[in-house]
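Residue strings, one per chain:
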Amino acid sequence: MNADLIIHNIKTLYTSAGPYQQGEDMDKIVELHDAFIAIVDGNIAAVESGEFAGFVGKGTTLMDAQGLIAMPGFIDSHTHLVYGGSREGEFRQKLEGIPYLDILKQGGGILKSVEQTRASSFDELYQQSLKSLNILMSYGVTSLEIKSGYGLNLETEIKQLKVIKQLKEDTKLDIKATYLGAHAIPNEYKNKANDYLETVKSDLLTIKQENLADFVDIFCEDSVFDLEQSKDFLSYAKDLGFNLKIHADEIVSLGGGGLAAELKATSADHLMAVSDSDIKELAKSKTVTNLLPATSFYLNKTYANARKMIKEGCIVALSSDYNPGSSPSENFQFVMQLGANKLKMTPGEVLTAVTINAAKAINLEQSVGSLEVGKQADIVLLDAPNLPYVLYHYGINHTSKVIKNGKVIFEK
Ligand code: NIG
Ligand code: FE
């Protein structure tokens, strides 16, 4: 077979196997030494150790990896990447110890970003988001999810979702869009959460008609939307045919994790405060437990109990939560480093959590998330001697090359 491209001289290639890995199996990754990847039509035709001559023919391009290590392109399965303005103005309050939810109650926080997003033009939002997306990509991210949720009215939510669509068309990354109209209660609906949710429900019909979202999400949290409201809203979205995600048990344990399992949500995200019984429910389900340690880091909160989730058999993913309020950094490798250093995940578990399990968190596990024959050739080459080194030498960018569908999209 003649390959279009062969990436050879890979010191070590690391990958998990699809379609996902659960519990202690997350640590069982494949390591191939002196490896090559043969690519045909943007897809992987072979991943092996040793001799690649059998794949070379007329028109084959050879790429010498020069002894770098290779992994599947990383997948950031939870971001709020499209927003207007920024929130460094609240940094002082944060340092004075004013809690995140108190800043929101005072009309700041998410509501500040709503004000700025409403005031931004489509083009301003697009340019700001593209800049962030390019940084994220430089850290090895080749697929991601992006949420709306800084409009809190139909017009601005649609503006955000259309920016996501444009980013998808222009960058050729795999991008999934999530409608998060239920992110906060806008000032116009102060103390009228139920009325606001009715509006969001009717807006959902338009979002569906225009095919602007793959998932529907809600912020189930103290002083935002309670468990009952979340259940009612997500059930409605599910009946319309949407896949579900939920911001669950981030700050206060309300039972969002258990609700996610009950509704067969694709993922339950955050879970820093999830109860032991809800961990058990999640472990029994196929709902991905999506952990966001950079948020714990930035908010100075406790970290999710990944060790317990893994022990119980959960499908654990890690993602950035990149947003202007609780996780203002696109450094995806730092998220992985926190996964190791703070969540005490092994290097193999971290890799699984940002590749195949993250793919499952956005329903892309059949096409991306592992280096296996037939999957898209989404590959990151890293200038590091081994996988543990990437997690140990923290805060920097180890990426050398990022390849999407067999094409180089970033090069140091
Ligand atoms: O996932 N928790 C809700 N939403 C975001 C934060 C959004 C913001 O502060 O702007 C999160 O942490
Ligand atoms: Fe979030």
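Residues numbered from 1 in each chain as written. Chains lettered and ligands numbered in written order. Predicted model: local features only at pLDDT ≥ 70, side-chain atom pairs only at ≥ 80, totals over all residues. Heavy atoms only, no water.

Visitor: Would you mind going over the layout of surface pockets in detail, with residue names and values included?
Guide: Roughly 370 Å³ of internal volume is contained in the largest pocket. Taken together, 20 residues make up the lining of the largest pocket; nearest its centre are Lys 94, Tyr 100, Tyr 298, Leu 299 and Gly 325. Elements represented by at least two residues in the lining of the largest pocket include exactly helix 1 (91–95), helix 2 (100–105) and helix 10 (293–299). Across the lining of the largest pocket, the residue classes tally to 11 nonpolar, 4 polar and 5 charged. By volume, the second largest pocket is sized at about 310 Å³. Per-class residue counts for the lining of the second largest pocket are 7 nonpolar, 5 polar and 3 charged. (1 Å grid on protein atoms, 1.4 Å probe; cavity = no way out; pocket = protein on both sides within 12 Å on 5 of 7 lines; lining within 4 Å. Points joined across faces, edges and corners; volume = space filled by probe spheres on them. Helix = DSSP H or I, 4+ residues; strand = E, 2+ residues; numbered from the N terminus. Nonpolar A, V, L, I, M, F, W, Y, C, P; charged D, E, K, R; others polar.)

Visitor: Tell me about the coordination of the iron ion (ligand 2), and name the residues and values.
Guide: Listed as protein donors to the iron ion (ligand 2) are His 78 (NE2), His 80 (NE2), His 247 (NE2) and Asp 321 (OD); their distances from the metal cover 2.1 to 2.2 Å. Along the chain, the residues donating to the iron ion (ligand 2) are arranged with the sequence spacing H-x1-H-x166-H-x73-D. One end of the pair, His 78, is in the loop between strand 6 (74–76) and helix 1; the other, His 247, is in strand 10 (residues 243–248), with 169 residues separating them in the sequence. Across the pair, exposure class does not vary: His 78 and His 247 are buried alike. (Donors = N, O, S within 2.8 Å, 3.2 Å for Na, K, Ca; no water. Buried < 20%, exposed > 50% of the residue type's maximum accessible area, 1.4 Å probe, protein only.)

Visitor: Please provide a residue-by-residue account of the nonpolar core, values included.
Guide: The biggest cluster of nonpolar side chains holds 101 residues, and the ones touching the most others in it are Met 71, Phe 74, Leu 167 and Met 345. Each of domain 1 (5–73 + 370–411) and domain 2 (75–361) accounts for three or more of the residues forming this core. Counting 19 residues, the second largest nonpolar core, distinct from the first, contains Ile 10, Met 63, Ala 70 and Ile 379. (Core = buried A, V, L, I, M, F, W, Y, C linked by side-chain atoms within 4.5 Å. Domains from an automatic or database assignment.)

Visitor: So, the sheet that holds strand 8 (residues 174–182): which residues are in play, and what are the values?
Guide: Consider a sheet: its strands pair through backbone hydrogen bonds, and that pairing is either parallel or antiparallel. Taken in spatial order, the 8 strands line up as 6-7-8-9-10-11-12-13 in an open sheet, and their pairing is parallel. Looking at strand neighbours, the two that pair on one side only are strand 6 and strand 13 (315–318), the edges of this open sheet. Looking at each pair of strands side by side, their axes are set apart by 25 degrees on average, direction ignored. Relative to strand 7 (residues 141–147), strand 6 runs parallel, the two being bridged by 3 bridges. Across the sheet, the residue bridging to Phe 74 is Val 141, located in strand 7. Here helix 7 (residues 227–239) sits on the sheet and contacts strand 8, strand 9 (215–220) and strand 10; the angle it forms with strand 9, its principal contact strand, is near 175 degrees. (Pairing = 2+ DSSP bridges. Axes fitted to C-alpha atoms, helices over the stretch in contact; angles between N-to-C directions. Contact = heavy atoms within 4.5 Å.)

Visitor: So, the packing of aromatic side chains: which residues are in play, and what are the values?
Guide: Applying the stated rule across the entire model yields 9 aromatic pairs. An angle of 35 degrees between the planes, with centres 6.0 Å apart, marks the rings of Phe 74 and Phe 332 as tilted. Linking Phe 74 in strand 6 with Phe 332 in helix 12 (residues 332–341), this pair joins segments that are 258 residues apart in sequence. Comparing Phe 74 with Phe 332 shows no difference in burial state: the two are buried. Pairwise contacts between aromatic rings join Phe 36, Phe 52 and Phe 55 into one cluster. One Lys or Arg, Lys 208, reaches over the ring of Phe 242 and ends 5.7 Å from the middle of that ring. (Phe/Tyr/Trp six-rings, centres within 6.5 Å; stacked < 30°, edge-to-face > 60°. Lys NZ or Arg CZ within 6 Å of the ring centre and 35° of its normal.)

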